[in-house]
Amino acid sequence: GGGARRRGEEEEEFKLLSAAWELLGSEEKRRQYDSLDYFNDALPTAFRPRADDPGRFFRVFGPVFARQAKFSVARPVPSVGDDETPLEEVQRFYGFWTRFRSWRDFSLLAEYDTAEAEDREERRWMQRQNKNEVERLKRSEMRRLMSAVELAQENDPRLHRAKEERAAERELQRRRKEEALAAEKRAKAEAAEQARAAEAAAAAAAAERASKDSDKAAAKREKEKARSALKKARKELKSLGEEGAAWRARASDLEAVASGLPLVEIEALHATLSAGDEAAGTDALEAALRKVLG
């Protein structure tokens, strides 16, 4: 009885050792076991940031990503970092985790043990059912993980800070653009005002020149008119001394006074000489000669 019990125990130990060696010797089986090994598999589904505790984000999410990192196909796996991590590294971190590829295998949670199949057809059916269930579990786990990644992204203080900085930069650029447009508008208005003032000054100058030119033309016309009148008066006065005229004897005197007297006096002398009063005419002519000859 004792020997049989001992042999039974030895056979059981041998089976356990064989199973352990089989597990250690097969990477696929090791991964299946590691995928379900006892560890903290919790993922946060909500997070409330605290203004008085900015490090809380890293204490909550740092261990989460560190635990999940062991399932990553790609290596090395970036860590959450800290509040001083450069933005480029933070963006690479989330780029890595949003494209995360996991080797985690849920085959040990399959419902059916294919070794219990009674025939090949049943074994194939079990395999299909197990495959569908394992894939469903894998998809569910990836959705759970991606929800945690999105939750971290939404609450990452570094991304919030970068977003605020971008918004502040956009606002600054907007204000600068508005100021530049306002300055351009003012400059255009000033230029238009200067153009209007220059145009008005040019018009005033042109009007002044036109007025001066008009005055000059009028003065010139008056001068020409006076010259013509003087010329005519001299001619008429001198004609009184022509051959057969009443004052032929005083032709040279008429020539002298015609050249030296102004228009009004020439016209007055002409009228006196033409009146037929020889004595008055003589006196007027003598007075004119004295004035001209001194």
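Structural data are supplied above this passage.
Residues numbered from 1 in each chain as written. Predicted model: local features only at pLDDT ≥ 70, side-chain atom pairs only at ≥ 80, totals over all residues. Heavy atoms only, no water.

*Asks:* Explain the pattern of salt bridges to me, please; I cannot follow it from the model alone.
*Replies:* When their charged atoms lie close together, side chains carrying opposite charge are able to pair. All told, the structure shown has 20 salt bridges when counted by the stated rule. The salt bridge involving Glu 133 is made with Arg 136; its shortest N-O contact spans 2.7 Å. Placement of the pair is Glu 133 and Arg 136 together in helix 5 (residues 120-155), with a separation of 3 residues, close to one helical turn. Arg 136 sits in the partly exposed class, given a relative accessible area of 40%. The residue Glu 171 makes a salt bridge to Arg 174 at a minimum N-O spacing of 2.4 Å. Of this pair, Glu 171 and Arg 174 both sit in helix 6 (residues 157-239), 3 residues apart, which is roughly one turn of the helix. Judged by relative accessible area, Glu 171 falls into the partly exposed class, the value being 32%. Within this structure, Asp 41, Arg 104, Glu 141 and Arg 144 form a network of salt bridges that share partners. (Salt bridge = Lys/Arg side-chain N within 4 Å of Asp/Glu carboxyl O. Helix = DSSP H or I, 4+ residues; strand = E, 2+ residues; numbered from the N terminus. Buried < 20%, exposed > 50% of the residue type's maximum accessible area, 1.4 Å probe, protein only.)

*Asks:* Any chance you could explain the nonpolar core here in plain terms?
*Replies:* Burial of nonpolar side chains together is a common tendency in soluble globular proteins. Phe 57, Phe 61, Phe 65, Tyr 94, Trp 97, Phe 100 and Leu 145 are the most contacted members of the largest nonpolar core, which has 26 residues in total. Of all the secondary structure elements, the ones that give two or more residues to this core are helix 3 (56-68), helix 4 (87-98) and helix 5. Ranked by residue count, the leading element in this core is helix 5, at 7 residues. Excluding its chain neighbours within four sequence positions, the residues that come into contact with Phe 57 are Phe 47, Gly 62, Val 80, Tyr 94, Ala 152, Asn 155, Asp 156, Pro 157 and Arg 158. Among the nonpolar cores identified, the runner-up in size contains 14 residues, and Leu 237, Trp 247, Leu 261 and Leu 289 belong to it. (Core = buried A, V, L, I, M, F, W, Y, C linked by side-chain atoms within 4.5 Å. Contact = heavy atoms within 4.5 Å.)

*Asks:* Got a minute to help me understand empty space enclosed by the protein in this structure?
*Replies:* To find leftover empty space, a probe the size of one water molecule is rolled over the atoms. Scanning the model with the defined rule gives 1 cavity of 30 Å³ or more in all. Roughly 50 Å³ of internal volume is contained in the largest cavity. Lining the largest cavity we find Gln 68, Phe 71, Phe 100, Ser 102, Arg 104, Lys 138, Glu 141, Met 142 and Leu 145. For the lining of the largest cavity, the leading source of residues is helix 5, giving 4 residues. Of the residues that constitute the lining of the largest cavity, the class distribution is 4 nonpolar, 2 polar and 3 charged. (1 Å grid on protein atoms, 1.4 Å probe; cavity = no way out; pocket = protein on both sides within 12 Å on 5 of 7 lines; lining within 4 Å. Points joined across faces, edges and corners; volume = space filled by probe spheres on them. Nonpolar A, V, L, I, M, F, W, Y, C, P; charged D, E, K, R; others polar.)

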